[in-house]
Amino acid sequence: MAITKRGLVLATTVVAATAVMVTGAGLHLSQSQAFFQESPRELIDEVWQLIDRTYVDATFNQNDWQAVRQEYLGREYGDRQQAYVAIREMLEKLNDPYTRFMDPEQFRDMQIDTSGELTGVGIQLSQDEETKELVVVAPIEDTPASQAGVLAKDIITKIDGQSTQGMDVNAAVSLIRGPVGSEVTLTLRRGTEELEFKLERARIEIHPVKYTLQTTPSAGEVGYIRLNQFSANAADEMREAIQDLEQKGATGYILDLRSNPGGLLYASIDIARMWMQDGVIVATVDRQGVSERERANNTALTDKPLVILVDGGSASASEILSGALQDNKRALLIGSKTFGKGLVQSVRGLGDGSGLAVTVAKYLTPSGRDINHEGIAPDVVIDLTDKQREALSQNRDQIGTSADPQYVKSLEILAQQVAKAQ
């Protein structure tokens, strides 16, 4: 399978909140649909072939992949639904929650999300690789979930009273989704506490970038930019923000990536190039160990001092951007250690209108750090208590103000950097 660079998505969240680019079949079912309806084995073999050619782990999680093919092609299938069950069973052998099969409805949902408009409650999910629990990566800002106080790292234990034990992410997404105006009740575990949230589903239009020019006594005119996710329009909005703030005379910048769960690989690369004049941004490494490096290309929009805010909800593309700027000594990182997810997926349309997301690579920071499990450690650690996190979640207008301890520290560090630059 040919993988276009802009078809790569970072595997942090698989709920309908992440914009992805899709290769292969689009929203319309292909002409081969009737063939696949009559020959479900062909669909199973198509999935097997894609995994065989591109999956990041050449051992296929210590499975004899040829024997797996024979096993599943040797069965009888009455219809596509039976084939779907078999495909999901086959993929479970990889023990990779990010390599997943989507039926046509789920695949259409993923493609619709690319437009930046969603229907739901605004939660991005991951599945813990060891416990298989459903973990909130981050709530999307200004959505029902964030307004209700759902936080990164919360564990979803029930959806409308149904236990999530053993539930995969696709099934959870299907239960959480629903018509605008309808309600869903989520039971969450936060530490030792069990919480219940009744959320009303809404239509959510995502503008990933918000920014202001803030007058400060210590650092002068500071450009504060909050990036919520790396969606298809994130780079364009970031460019507009930096250019506007430069024209207004910003002396330095605070880039807030807290609770940003990631998204498109190339959005993070495009944005890194706006801050870096030269240097390596990221290396993606496939199962053959082939490393493809993306570099800055002398198109930086500013060289003013920069600090970046990160936390446990900063994942995937956020870690690429923050790791690149940290390793190249372009920015100092303030806050808490990031989430630690560094896998890249290719999303492919299949012959019957369904889709497959395959983990095809991992990424390394310019210095060679593999942050899939380690995360990015900030230069200056400022951890928030649960009480402080909840207070900011419930009063989001206080984020990026004197009531935000991590922001206050970032402003202090930025003032030092601005003074050195003068």
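For every chain, the first residue of the written sequence is number 1, and numbering continues from 1 onward in sequence order. The predicted origin of the model limits local features to residues at a pLDDT of at least 70 and limits the giving and counting of side-chain atom pairs to 80 or more, whereas totals for whole chains, interfaces and linings rest on all residues. In computing side-chain values, all of the structure's heavy atoms are included and hydrogens and water are not.

Chemist: Before we go on, may I ask you to explain the overall build of the protein in this structure?
Modeler: Helix and strand assignments follow DSSP, with helices taken as H or I runs no shorter than four residues and strands as E runs no shorter than two, numbered in order from the N terminus. Summing up its helical and strand segments, the protein has twelve helices and 20 strands in all. A 1.4 Å probe rolled over the protein chains alone gives each residue an accessible area, and that area as a share of the maximum for its type sets the label: buried under 20%, exposed over 50%, partly exposed in between. Expressed as a percentage of its 422 residues, the buried residues of the protein come to 57%. By definition, residues are in contact when any of their heavy atoms lie within 4.5 Å. If you take every contact in the protein between residues at least 6 apart in sequence, the share linking residues at least 24 apart comes to 70%. Each accessible area is a Shrake-Rupley estimate made with a 1.4 Å probe; only the visible protein chains count as cover when residues are assessed. About 17300 Å² of surface is accessible on the protein, with carbon and sulfur atoms providing 46% of the total.

Chemist: Even after reading the chapter, I still don't get the sheet that holds strand E17 (residues 332–335), so can you show me in this structure?
Modeler: Where strands meet in a sheet, backbone hydrogen bonds hold them as pairs that are either parallel or antiparallel. The criterion for strand pairing is that DSSP finds at least two bridges linking the strands in question. The six strands are arranged E11-E12-E13-E16-E17-E20 in an open sheet whose pairing can be described as mixed. Lying at the two open borders of the sheet, with one neighbouring strand each, are strand E11 (209–216) and strand E20 (380–381). When E17 meets E20, the two strands line up parallel, connected through two bridges. Within E20, the position partnered with Ile334 by the bridge is Val380. To define axes, lines are fitted to C-alpha atoms, for helices over the stretch in contact only, and angles between the resulting N-to-C directions are given on a 0 to 180 degree scale. Of the strands in this sheet, E11, strand E12 (220–227) and strand E13 (252–256) touch helix H8 (residues 234–247), which is tilted by about 20° from E11. Its contacts with the sheet put helix H12 (residues 405–421) on E11, E12, E13, strand E16 (306–310), E17 and E20, and the angle it makes with E16 is roughly 165°.

Chemist: When you look at unusual backbone geometry in this model, what are you seeing that I'm missing?
Modeler: The phi angle of most residues is negative, glycine excepted, and most peptide bonds adopt the trans form. With phi around 60°, Asn61 is a residue other than glycine that occupies positive phi space. Tracing the backbone shows Asn61 in the loop between helix H2 (40–54) and helix H3 (65–73). Residues other than glycine seldom take positive phi values, yet Ser259 does so here, at roughly 60°. Residue placement: Ser259 occurs in the loop between E13 and helix H9 (265–275).

Chemist: How should I be thinking about H9 in this particular structure?
Modeler: An α-helix turns once per 3.6 residues; consequently, residues spaced three or four apart project the same way. In terms of residue burial, H9 counts as a mostly covered element, since eleven of its eleven residues are buried. Regarding H9, the residues found buried are Leu265, Tyr266, Ala267, Ser268, Ile269, Asp270, Ile271, Ala272, Arg273, Met274 and Trp275.

Chemist: Even after reading the chapter, I still don't get the side chain of Ser314, so can you show me in this structure?
Modeler: Within the secondary structure layout, Ser314 lies in the loop between E16 and helix H10 (317–327). When its relative accessible area of 0% is taken as the criterion, Ser314 is described as buried. Counting of polar contacts relies on pairs of N or O atoms within 3.5 Å, with two restrictions inside protein: one atom must be capable of donating a hydrogen and the other of accepting it, and residues adjacent in sequence are counted only when both atoms are side-chain atoms. At 2.7 Å, the side chain of Ser314 and the backbone oxygen of Leu257 are in polar contact. Excluding residues that lie within four positions of it along the chain, Ser314 makes contacts with Leu257, Arg258, Ser259, Asn260, Glu319, Thr338 and Phe339.

Chemist: So what exactly am I meant to see when it comes to the packing of H2 against H3 here?
Modeler: For any two helices packed against each other, one specifies the crossing angle of their axes together with the interaxial distance. Where H2 meets H3, the axes come as close as 10 Å, and the angle between the chain directions of the two elements is 170°. The angle between the axes of H2 and H3 places the two elements in the roughly antiparallel class. Residue-level contacts link Arg41, Ile44, Asp45, Trp48, Gln49, Ile51 and Asp52 of H2 to Trp65, Gln66, Val68, Arg69, Tyr72 and Leu73 of H3. When an angle is under 35 degrees it counts as roughly parallel; over 145 it counts as roughly antiparallel; between 65 and 115 it counts as roughly perpendicular; any other value is oblique.

Chemist: Could you clarify how one ought to interpret the pattern of salt bridges in this entry?
Modeler: Every case where a carboxyl oxygen of Asp or Glu lies within 4 Å of a side-chain nitrogen of Lys or Arg is listed as a salt bridge. Evaluation of the coordinates by the stated rule reveals 20 salt bridges. Linking Arg69 and Asp45 is a salt bridge whose minimum nitrogen-to-oxygen distance equals 2.7 Å. Here the residue Arg69 occupies a position in helix H3, and Asp45 occupies one in helix H2, the gap between them amounting to 24 residues. On the accessibility criterion, Arg69 (21% relative accessible area) is partly exposed. Residues Arg190 and Asp154 are paired through a salt bridge, measuring 2.8 Å at the closest nitrogen-oxygen approach. Here Asp154 lies in the loop between helix H6 (144–148) and strand E6 (155–159) and Arg190 lies in strand E8 (residues 183–190), a separation of 36 residues in the sequence. For the pair Arg190 and Asp154, one class covers both residues: buried. Several salt bridges share partner residues, and in doing so they unite Arg226, Asp256, Arg258 and Asp404 into one network.

Chemist: Even after reading the chapter, I still don't get the pairing of E13, so can you show me in this structure?
Modeler: The side chains of a regular strand alternate between both faces of the sheet. Burial of E13 is extensive: five of the five residues sit out of reach of the surface. Covered by surrounding structure in E13 are Gly252, Ile254 and Asp256 together with Tyr253 and Leu255, the residues of both alternating faces. Sheet topology places E12 next to E13; five bridges connect them, and they run parallel. Of the residues in E13, the one forming a bridge with Gly223 is Tyr253. Crossovers are marked right-handed if the path from the first strand over the helix to the second runs clockwise, as seen with the strands pointing away from the viewer. Remark: the E12/H8/E13 crossover connection has right-handed handedness. Judged from the four bridges that link them, E13 and E16 form a sheet pairing that is parallel. Within E16, the position partnered with Asp256 by the bridge is Leu309.

Chemist: Hey, could you run me through the nonpolar core in this one?
Modeler: Core analysis: the biggest nonpolar cluster contains 66 residues, and Ile51, Ile225, Met238, Leu255, Ile271 and Trp275 have the highest contact counts within it. We define the nonpolar core as a collection of buried residues of types Ala, Val, Leu, Ile, Met, Phe, Trp, Tyr and Cys that are connected through side-chain atoms lying within 4.5 Å of one another. Within the second largest apolar cluster, 20 residues are counted, among which are Ile159, Val169, Leu188 and Leu195.

Chemist: It is not clear to me how the environment of Val344 should be interpreted in this structure. Could you clarify?
Modeler: When you line up the elements, Val344 lands in strand E18 (residues 343–349). Among the residues examined, Val344 registers a relative accessible area of 1% and is labelled buried. Separated by 13 residues in sequence, Val344 and Ala357 place their C-alpha atoms 9.7 Å apart.

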